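# Residue-level structure breakdown
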Protein chains: 2
Amino acid sequence: MAITVVGSVAYDTIETPAGKRERCLGGAATYFSLAASYFTDVRVIAVVGEDFGRRQEAVFEGRKIDTRGIEHTAGKSFFWDGSYLENLNEAKTHNTELNVFASFEPKIPEAYRDSEFLFLANIDPVLQRRVRDAMPDVKLVAGDTMNYWIKDHRPALLEVLKGLDILLINDTETRMLAGNSNLMQAARGVMELGPKTLVVKHGEYGATLFHGATAKSERSETLRAPAMLLEEVVDPTGAGDSFAGGFFGYIASQPELTPAVFRRAMYYGSVMGSFTCERFGTERLQQLSREEIDARFNLLIRLTHLD
Amino acid sequence: MAITVVGSVAYDTIETPAGKRERCLGGAATYFSLAASYFTDVRVIAVVGEDFGRRQEAVFEGRKIDTRGIEHTAGKSFFWDGSYLENLNEAKTHNTELNVFASFEPKIPEAYRDSEFLFLANIDPVLQRRVRDAMPDVKLVAGDTMNYWIKDHRPALLEVLKGLDILLINDTETRMLAGNSNLMQAARGVMELGPKTLVVKHGEYGATLFHGATAKSERSETLRAPAMLLEEVVDPTGAGDSFAGGFFGYIASQPELTPAVFRRAMYYGSVMGSFTCERFGTERLQQLSREEIDARFNLLIRLTHLD
């Protein structure tokens, strides 16, 4: 069933120990869409400038992603310049230009209205809430956020959290949002703010699912999925958004939303995040096959499972 | 089958967000022995001062650990004073007094000679090698080390590594030892130095087993065991040594050393590390039951396994 995603479509200049790429296609909504497109139909809401042309459009079309919600406007697309030279786990931002994103007013195409799944990628919580309110009939809403919104836009973010079924954030964001340094306690604190399910991403160590586990005794409803061990991490940009795309895409592809589906989704999230790291930008995500994805899913199962 | 362990038996003064304890029983050999004692017979080689009395002796006796190799000498026992006030993942050392440990000359009791398993806890590699050479007939040798020996005592450490079957160290130590920032490549580099099996400990994220996987294609011989999610980490001191004790203790208890045994051992290691964190010092490790251990083993399986 179709997912609508709202978020950034951008250009990234990225430097890692493996090399440098200038202005490659990026943005949270791009990584999310590509990853989710291997599981289900995806529809994007975003804004781009005049520098977004046929070549970029083709990346989405190549994966049959609906781009009618990508608004083209005068000016330049969102641009990010960052590097991972000292630490592959943490980007150093050299420059961020919001450009056309500064005045983004998400518009939902009529054709997107019957989407049953909604993903609110990391953007201003005021916009996240507007999109969520405009699509009241969706079956499941997931979202992401970041330290900046947690610290400086807390009231708006809290409104978004109330309307979320699933929140996907990292360790630091979880602890910051709950004001608690113990991960389990912090996870409970975050779930008390709205989301019934929380996915905490641990970068190279995988991710933990807290699924409806608001009481102490429900510890068994947690799942830790490992991250793949990679021969070379070429570029970690977008790995978290790709995780979200694999996770939510798999969920949207299933007939029933059982705890078992959420658990398997964690492994699919980890699979998609690992592929992204193997090449610069979205290169790897553009040319996968479902066979490759399932083969890696099985490798990842073997990486943690006994017998 | 019996394990002989050589390492430190010490007093620790520990401060964490949960409180402070003065001069509690600690040391790598202590944590290792207690953890391993739930699986097999353990024999300790260490040195203590006049401050080590009946109460400390009783901790070992309570777990039927053979202490005939603990040498009592004039002076004070090894003492460490540290805190984890800002970060539970990393100790801040305030004071280290080697005391009687400074002139430690490990002596192996005759009764220990038929041990089939040997664990070289984190001490001067010159001493590790001496013990290893004095017990040439053991079936399996495992060991630990730390950044200090890797950086400043490399030649002596390299000699130890040649005689090790299993090395257990953390991420930073693995990368430092191999001079490679990619974990997979670093693991291969470390295994080329001797150990056929490497266990890389990731603290709160669990640990990864590299078992005979020296070739690229043998990726499936790796296993990632998660760490337990704990309601409260009271004191992480000794968690790594307890992991080693659970891991090696389980292996020593098995009739055959198959890959499946090594994989299960990773989960037992994680179980024992998690118990240690629940109380100060060795408090929790002194009073476990095999039932509690297996119950947690099953919880940990459930934490990663699908279906």
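### Considerations on the overall build of chain A
Helix and strand content of chain A: 10 helices and 13 strands. The C-alpha atoms of chain A give a radius of gyration of 18 Å, which matches the 19 Å a tight globule of 307 residues would have. Expressed along its principal axes, the backbone C-alpha trace of chain A runs to roughly 55 × 45 × 35 Å. Across the 307 residues of chain A, 59% fall into the buried class. Across chain A, every contact between residues at least 6 apart in sequence was considered, and the portion connecting residues at least 24 apart equals 64%. Within the structure as shown, chain A displays about 11,900 Å² of accessible surface, and the carbon and sulfur contribution to it stands at 48%. Positive and negative charge centroids in chain A, built from 34 and 42 side chains respectively, lie 3 Å apart.

### Considering the sheet that holds strand E2 (residues 10–16) of chain A
Residues and elements named next belong to chain A. Strand order across the open sheet formed by four strands is E3-E2-E6-E7, with mixed pairing between neighbours. Among the strands making up the open sheet, the edge pair consists of strand E3 (19–26) and strand E7 (92–97). When the angles between neighbouring strand axes are averaged without regard to direction, this sheet yields 15°. Relative to strand E6 (residues 78–83), E2 is paired through six bridges, and the arrangement is parallel. Paired with Tyr11 across the two strands is Phe79, which belongs to E6. Against the sheet, helix H1 (residues 28–36) touches E2 and E3, its axis set at about 80° to E3.

### Details of the confidence of the model for chain A
Residue and element names in this part refer to chain A. Residues with a pLDDT of 70 or more make up 97% of chain A, whose mean pLDDT is 95. Long-range and interchain partners of residues 213–220, a stretch whose pLDDT sits below 50, account for 16 contacts in this model, where long-range means more than four residues apart. Predicted complex, confidence summary: ipTM 0.93, pTM 0.95.

### Considering helix H9 (residues 259–277) of chain B
The terminal C-alpha atoms of H9 of chain B, which comprises 19 residues, lie 28 Å apart, in line with the 27 Å expected from a rise of 1.5 Å per residue. With 16 of 19 residues buried, H9 of chain B is to be regarded as a mostly interior element.

### A closer look at the packing of helix H1 (residues 28–36) of chain B against helix H8 (residues 239–252) of chain B
Residue and element names in this part refer to chain B. At a minimum axis distance of 7 Å, the contact between H1 and H8 shows a crossing angle of 40°. The angle between H1 and H8 places the two elements in the oblique class. When you trace H1 past H8, the crossing you get is right-handed. Facing Ala28, Tyr31, Phe32, Ala35 and Ala36 of H1, the residues of H8 in contact are Asp241, Ser242, Ala244, Gly245, Gly246, Phe248 and Gly249.

### Comments concerning the relation of the copies chain B and chain A
In the superposition of chain B on chain A (RMSD 0.0 Å, axial shift 0.0 Å), the rotation amounts to 180°. These values place the two chain copies in the arrangement generated by a two-fold rotation axis. Both copies present the same face, since 100% of the interface residues in chain B are matched by interface residues at the equivalent positions in chain A.

### A few points about the interface of chain B and chain A
Interface size is commonly expressed as the accessible area that is lost once the parts come together. Each partner contributes to the interface: chain B provides 38 residues, whereas chain A provides 38 residues. Counting the contacts that link chain B with chain A gives six salt bridges. For the salt bridge of Glu204 of chain A with Arg175 of chain B, the shortest nitrogen-to-oxygen distance reads 3.2 Å. Applying the counting criterion to the chain B and chain A interface returns 26 residue pairs in polar contact (both at pLDDT 80 or more). Only helix H6 (171–178), helix H7 (183–191), strand E12 (207–211), strand E13 (222–225), H9 and helix H10 (290–304) of chain B provide two or more residues apiece to the side of chain B that touches chain A. Per-element tally for the side of chain B that touches chain A: the top contributor is H10 of chain B, with six residues. Counted by class, the side of chain B that touches chain A contains 17 nonpolar, eight polar and 13 charged residues.

What counts, and where the lines are drawn
- Residues numbered from 1 in each chain as written.
- Chains lettered and ligands numbered in written order.
- Predicted model: local features only at pLDDT ≥ 70, side-chain atom pairs only at ≥ 80, totals over all residues.
- Heavy atoms only, no water.
- Helix = DSSP H or I, 4+ residues; strand = E, 2+ residues; numbered from the N terminus.
- Rg over C-alpha atoms; globule rule 2.2 N^0.38 Å.
- Buried < 20%, exposed > 50% of the residue type's maximum accessible area, 1.4 Å probe, protein only.
- Contact = heavy atoms within 4.5 Å.
- Areas by Shrake-Rupley, 256 points an atom, 1.4 Å probe, with all protein chains shown as cover.
- Lys, Arg positive; Asp, Glu negative; His and termini not counted.
- Charge placed at Lys NZ, Arg CZ, Asp CG, Glu CD.
- Pairing = 2+ DSSP bridges.
- Axes fitted to C-alpha atoms, helices over the stretch in contact; angles between N-to-C directions.
- pLDDT = per-residue confidence, 0-100.
- Expected span 1.5 Å × (residues − 1).
- Parallel < 35°, antiparallel > 145°, perpendicular 65-115°, else oblique.
- Left-handed = near helix turned anticlockwise from the far one by under 90°.
- Least-squares fit on C-alpha atoms with pLDDT ≥ 70 in both.
- Salt bridge = Lys/Arg side-chain N within 4 Å of Asp/Glu carboxyl O.
- Polar contact = N/O pair within 3.5 Å; in protein donor to acceptor, adjacent residues only side chain to side chain.
- Nonpolar A, V, L, I, M, F, W, Y, C, P; charged D, E, K, R; others polar.

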